[in-house]
Amino acid sequence: MPATDIDIWVSAAGLESPYYRFYADSDGSKELTELNFGTSKSYTFCRLNEETSHPFYISDTGYKQNSSDAILITGDGSSSNGITGDQSFKVEFTESAGDIQQLLYYCNSHQSMQSYIALINNLDPPS
């Protein structure tokens, strides 16, 4: 059974925490205040209002580091330049995702702008 894909829009909040705000809709009217992602789902990140400041990206290994094999990131951006404007990327979890407990999200331009998304490991065990 394929993973459920959830679209998330990201808006830069500023140089102080929270560094980004996350929304369940492209209008930015349904803010997501708790970031707990299930590993049985996939997540597509887009920039709210096609923002061009504070390039956004995610890793499970560290700031501007390529992710491990536990997650698969496809689409625009990279660990070194993030996404801006109309770019987006999708995060999917592999069977080894049980080894990670959180994802680091960050601004590629400002190292101080980083925080975490908690992971809930709910991948179906192999049959």
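The structure we're discussing is the one just above.
**Some details on the overall build of the protein**
In terms of helices and strands, the protein carries zero helices and 10 strands. The order of α-helices and β-strands along the protein, N terminus first, is β-β-β-β-β-β-β-β-β-β. The C-alpha atoms of the protein give 14 Å as radius of gyration, which agrees with the globular expectation for 127 residues (14 Å, within 12%). Counting only residues that meet the buried cut, the protein has 42% of its 127 residues in that class.

**Observations regarding the sheet that holds strand β10 (residues 114–120)**
On the basis of which strands lie adjacent, the open sheet formed by four strands has the order β4-β10-β9-β6 and mixed pairing. Where the open sheet ends on each side, the last strands, each with one partner, are β4 (36–38) and β6 (56–59). Looking at each pair of strands side by side, their axes are set apart by 30 degrees on average, direction ignored. Summarising the sheet, β6 and strand β9 (residues 102–107) pair through four bridges and their orientation is antiparallel. When the bridges of β9 are listed, Ile-58 appears paired with Tyr-105.

**Overview of the sheet that holds strand β7 (residues 71–75)**
The strand order across the open sheet built from six strands is β3-β2-β1-β5-β8-β7, with neighbouring strands paired in mixed fashion. Both edges of this open sheet fall to β3 (31–32) and β7, since each of them pairs with a single strand only.

**Focus on the nonpolar core**
Generally speaking, soluble globular proteins have nonpolar side chains that are buried together. Counting residues in each nonpolar core, the largest one holds 31 residues, and the members touching the most others are Tyr-20, Phe-22, Phe-45, Phe-56, Phe-89 and Leu-103. For this core, the elements supplying multiple residues, two or more each, are β1 (4–12), β2 (20–23), β5 (41–47), β6, β7, β8 (88–93), β9 and β10. By residue number, the principal contributor to this core is β9, which donates five residues. The residues contacting Phe-56, other than those within four sequence positions of it, are Val-10, Tyr-20, Phe-22, Phe-45, Arg-47, Gly-82, Ile-83, Phe-89, Tyr-105, Tyr-106 and Asn-108.

Criteria and thresholds
Residues numbered from 1 in each chain as written. Predicted model: local features only at pLDDT ≥ 70, side-chain atom pairs only at ≥ 80, totals over all residues. Heavy atoms only, no water. Helix = DSSP H or I, 4+ residues; strand = E, 2+ residues; numbered from the N terminus. Rg over C-alpha atoms; globule rule 2.2 N^0.38 Å. Buried < 20%, exposed > 50% of the residue type's maximum accessible area, 1.4 Å probe, protein only. Pairing = 2+ DSSP bridges. Axes fitted to C-alpha atoms, helices over the stretch in contact; angles between N-to-C directions. Core = buried A, V, L, I, M, F, W, Y, C linked by side-chain atoms within 4.5 Å. Contact = heavy atoms within 4.5 Å.

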